[in-house]
Amino acid sequence: QCHFLKVKDKEQKIFIPIAITSIPMSFIGGLIQLDGNLYKNLLGYFILFAAILFLADFKIKKQIQFNTSQSSLYLIGAILGFIAGLLGIGGGILLSPLLIFLNLTDQKETAAISSLFIFVNSFSGLMGLTFNGLQVPHNLIFLIIIVVIGGSFGSYLGVQKLNKLVLQRILGVVLLLAAYKLIVI
């Protein structure tokens, strides 16, 4: 069974305020068209930010206590939703390391929240792009099926099979390589 279908009360208390503001902001971000070079650089720097959060020294992070209020969850949702729509990404690549870094969720809770976040923001951002004249690719259904299969498999591996610190480090390195490719090459 897909992990994102198993959302618990704690996850709902985090997801709902984030989603309330991220969905409309993702739509607004999707209305904006960026120059190709600006898009590439912005995406690279946001991926670099995510990589740094994943590679941060977690011993230091655990000593820091973050007081994340309900209102800050609304703000996080608005900012990440706008970025997700603007860059045409689901936003989970930014939300996941942030939830872990702020000690708001564990790996399983992060997977559930991020999966839903990616779904609602991808849909909202796509609607914004479509409203702005983007033609939806004819093979979109096929691409969605591939993403769901890959995401489910990745979620299973991340939750059931791999050590969470090793997984975070691997993802951090992969993101660093992606950021380098976008920013430098």
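Conventions we followed
- Residues numbered from 1 in each chain as written.
- Predicted model: local features only at pLDDT ≥ 70, side-chain atom pairs only at ≥ 80, totals over all residues.
- Heavy atoms only, no water.
- Helix = DSSP H or I, 4+ residues; strand = E, 2+ residues; numbered from the N terminus.
- Expected span 1.5 Å × (residues − 1).
- Buried < 20%, exposed > 50% of the residue type's maximum accessible area, 1.4 Å probe, protein only.
- Contact = heavy atoms within 4.5 Å.
- Axes fitted to C-alpha atoms, helices over the stretch in contact; angles between N-to-C directions.
- Left-handed = near helix turned anticlockwise from the far one by under 90°.
- Nonpolar A, V, L, I, M, F, W, Y, C, P; charged D, E, K, R; others polar.
- Bend = angle between axes of the 7 residues up to and from the residue.
- pLDDT = per-residue confidence, 0-100.
- Parallel < 35°, antiparallel > 145°, perpendicular 65-115°, else oblique.

Caption draft 1: Layout of helix α4 (residues 70-87). The terminal C-alpha atoms of α4, which comprises 18 residues, lie 26 Å apart, in line with the 26 Å expected from a rise of 1.5 Å per residue. The set of residues buried in α4 consists of Leu73, Ile76, Gly77, Leu80, Gly81, Ile83, Ala84, Gly85, Leu86 and Leu87. Turning to α4, the residues buried within the fold contact α1 (9-31), α2 (36-55), α5 (92-101) and α6 (107-131). Just beyond α4, the residue with positive phi is Gly88, at close to 70°.

Caption draft 2: Summary view of the environment of Met25. For Met25, the position within the fold is in helix α1. Since its relative accessible area comes to 26%, Met25 is described here as partly exposed. Between the alpha carbons of Met25 and Phe82 there is a distance of 4.6 Å; along the sequence they are 57 residues apart. Met25 has contacts with Ala78, Gly81 and Phe82, leaving out every residue within four places of it along the chain.

Caption draft 3: Representation of the side chain of Glu109 within the structure. Tracing the backbone shows Glu109 in helix α6. Once you skip the residues sitting within four places of it in the chain, Glu109 turns out to touch Lys10, Glu11 and Leu104.

Caption draft 4: How the structure looks around the packing of α1 against α4. At a minimum axis separation of 6 Å, α1 and α4 run at an interaxial angle of 35°. Note on packing geometry: the crossing formed by α1 with α4 is right-handed. Along its contact with α1, which presents Lys13, Ile14, Pro17, Ile18, Ile20, Thr21, Ser22, Met25, Ser26, Ile28, Gly29 and Gly30, the element α4 presents Gln70, Leu73, Tyr74, Gly77, Ala78, Gly81, Phe82, Ala84, Gly85 and Leu86. Broken down by class, the residue content of the contact of α1 with α4 amounts to twelve nonpolar, nine polar and one charged.

Caption draft 5: Just α1, in detail. When the terminal C-alpha atoms of α1 are compared, their 33 Å separation across 23 residues agrees well with the 33 Å that a helix rising 1.5 Å per residue should span. Along its length, α1 shows its largest kink, about 30°, at Ala19. In the core, the buried residues of α1 are packed alongside α4, α5 and α6.

Caption draft 6: Region of the structure containing the confidence of the model for the chain. Mean pLDDT for the chain: 81, with 85% of residues reaching 70 or above. By mean pLDDT, the top-scoring element of the chain is α4 (91), and the lowest-scoring one is helix α3 (residues 58-63) (56). Here residues 1-5 is a poorly scored stretch, pLDDT under 50, and it has nine contacts once near neighbours within four places are set aside; other chains count.

Caption draft 7: Main features of the packing of α2 against α4. The geometry of α2 relative to α4 is characterised by a closest axis approach of 11 Å and an angle of 140° between their N-to-C directions. The orientation of α2 relative to α4 falls into the category oblique. Considering only the axes of α2 and α4, their crossing is left-handed. Residues Tyr39, Leu42, Leu43 and Phe46 of α2 form the contact with α4, whose own contacting residues are Ile83, Leu86 and Leu87. When its residues are assigned to classes, the contact of α2 with α4 shows seven nonpolar, no polar and no charged.

Caption draft 8: Local environment of the side chain of Ser26. When you line up the elements, Ser26 lands in helix α1. Excluding residues that lie within four positions of it along the chain, Ser26 makes contacts with Gly81, Phe82, Ala84, Gly85, Asn121, Ser124 and Gly125.

Caption draft 9: Main features of the environment of Ala84. Note on placement: Ala84 falls in helix α4. A relative accessible area of 1% means that Ala84 is categorised as buried. C-alpha separation for the pair Ala84 and Leu94, spaced ten residues apart in sequence, amounts to 8.8 Å. Sequence-distant contacts of Ala84, that is, excluding residues within four places in its chain, are made with Ser26, Ile89, Gly90, Gly91 and Asn121.

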